[in-house]
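# Inside the fold
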Amino acid sequence: MGTVHFNDRKVKWNRVTLQLIGKSGLSIEASPSIVPSETAFDANRTHLHTTITICDIEKELIFSGEKSIDFGLHLPIHLPPSIKTKHAFVKYELVVNLSAGPFKKHSIQCPVAVNRHYLPSPSAMIPSVSYHGVSQWFGWSVDVPKAVAVDSGEVVVALRWSVEKECMDVSRVELCIEQLEAYRFSLKNVVHNLAPVVTQFPSASYHPESAIDSSETHFIRTLIPNIDRTTPSMHVHHFSPFLEVTHRLRLVLHFSTESRVAPFVLEFPIIITEYPTTSDLSPTTLQEVCLYQRPLAVAVGGDEAAYVDFDLPEYTPRYEPSLDTILTH
């Protein structure tokens, strides 16, 4: 939703059109081993570069002399959210074209951020996934939330373990968030996937008490780094033609030093997202369009409680394999 304001009342615009243009791009170095030999320019390095249009939505407004016109744009459900990483981007621009005859035309452009949210509100009841396993003398079980909002500031998991070995116990537990940036491209109608770029964020340590019951539940926490729109290191869950951003929790259990046993490492997938924000579209300022994931939620237990059934991944936008990537030196 947004509003177009007409400041010069003397001008009688006979046509006002809105145009939302979305583009997705990739620019990355790739190993020649994944590029067909007949298309590679250099035996040591190949630069992949391309930009495609992912949406071009137009809407015409009827102007009859009013000071402003409210408008709304219907966005495709598969539209990917805005993002900018070191090697890829998704960006949108809103263009307002005004015409008052063949000799008087005016155009206004402004960037628009499209967000996709997986949690409808802070009151959402987030389901968790239970993992468990046994490795020789060590048994464990973990309850991990399927999703978490950056606004909550932390991720909390419930951990239980039992050690069936004398003079050995867990001395320290470390929990951290890892971000995976998976880039892909298309050549001759074949999709190629590059090795993911893994970013590990600072871990938090938990020291259990010396004497504990094997049935005791330990709540392990780690902080979620603040997401700054100008900092490219941390992003929320994302899927677009050339990039997929996912997250996982890395749980490391260290045993008593005298046992000389290697740490036990566990990894679990998790969606990191943001809560929706309400804002308007304005041709002269940077604003946001909030695009909700469908299905949203089914309310249970009251108006404010909501149960969200997550699958990983939530959605798969269309990827056009016919739009080949351009290879340059």
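Keep in mind that what you see is a predicted model, and the values were worked out from it rather than measured.

What follows covers the overall build of the chain. What the chain contains, in helices and strands, is zero helices and 24 strands. The contacts in the chain between residues at least 6 apart in sequence include a share of 70% that link residues at least 24 apart. In the structure as shown, the chain presents an accessible area of about 17,800 Å², 52% of it carried by carbon and sulfur atoms.

Before going further, it helps to spend a moment on the nonpolar core. Ranked by size, the top nonpolar core spans 38 residues in total, and within it Phe 6, Val 16, Leu 20, Leu 26 and Tyr 92 carry the most contacts. Looking at this core, the elements with two or more residues in it are strand E2 (15-30), strand E3 (46-61), strand E4 (68-71), strand E6 (88-99), strand E7 (105-117), strand E13 (170-187) and strand E19 (243-255). Ranked by size, the runner-up nonpolar core spans 29 residues in total, among them Val 142, Val 173, Phe 201 and Ile 224.

This part covers the environment of Ile 108. Along the chain, Ile 108 turns up in strand E7. When its relative accessible area of 25% is taken as the criterion, Ile 108 is described as partly exposed. Sequence spacing of Ile 108 and Val 96 is twelve residues, and the spatial spacing of their C-alpha atoms is 5.1 Å.

Taken in spatial order, the four strands make up an open sheet running E9-E10-E12-E17, and their pairing is antiparallel. Of all strands in the sheet, those with a lone pairing partner are strand E9 (128-135) and strand E17 (218-223), marking the two edges. Across the sheet, the axes of successive neighbouring strands diverge by a mean angle of 20 degrees, strand direction being ignored. The pairing of strand E12 (residues 154-163) with E17 spans six bridges and is classified as antiparallel. Across the sheet, residue Val 157 finds its bridge partner in E17, namely Ile 220.

With that settled, consider the packing of aromatic side chains. The tally for this structure, following the rule as stated, stands at six aromatic pairs. With 4.8 Å between their ring centres and 40 degrees between their planes, Tyr 131 and Phe 268 make a pair best called tilted. Taken together, the positions of Tyr 131 in strand E9 and Phe 268 in strand E20 (residues 264-273) put the pair 137 residues apart, joining distant regions of the chain. The partly exposed category is assigned to Tyr 131, whose relative accessible area is 24%. A ring pair is formed by Trp 137 and Phe 255, whose centres lie 5.3 Å apart and whose planes are at 70 degrees; its orientation type is edge-to-face.

Here we take up unusual backbone geometry. At Gln 136, a residue that is not glycine, the phi angle is positive and equals roughly 55 degrees. By the element assignment, Gln 136 lies in the loop between E9 and strand E10 (138-145). A relative accessible area of 75% places Gln 136 in the exposed class.

Counting buried residues along E13, 14 of its 18 residues qualify, which places the element largely inside the surrounding structure. Both E13 and E19 contribute to a ladder of 13 bridges, which runs antiparallel. The residue bridging Tyr 183 from the neighbouring strand is Leu 243, located in E19. Across three bridges, E13 lies against strand E16 (residues 204-206) in antiparallel orientation. Looking across to E16, one finds that Leu 175 is bridged to Ala 204. Summarising the sheet, E13 and strand E15 (residues 197-200) pair through four bridges and their orientation is antiparallel. Among the inter-strand pairings, Leu 180 is bridged to a residue of E15, identified as Val 198.

Rules behind the numbers
- Residues numbered from 1 in each chain as written.
- Predicted model: local features only at pLDDT ≥ 70, side-chain atom pairs only at ≥ 80, totals over all residues.
- Heavy atoms only, no water.
- Helix = DSSP H or I, 4+ residues; strand = E, 2+ residues; numbered from the N terminus.
- Contact = heavy atoms within 4.5 Å.
- Areas by Shrake-Rupley, 256 points an atom, 1.4 Å probe, with all protein chains shown as cover.
- Core = buried A, V, L, I, M, F, W, Y, C linked by side-chain atoms within 4.5 Å.
- Buried < 20%, exposed > 50% of the residue type's maximum accessible area, 1.4 Å probe, protein only.
- Pairing = 2+ DSSP bridges.
- Axes fitted to C-alpha atoms, helices over the stretch in contact; angles between N-to-C directions.
- Phe/Tyr/Trp six-rings, centres within 6.5 Å; stacked < 30°, edge-to-face > 60°.

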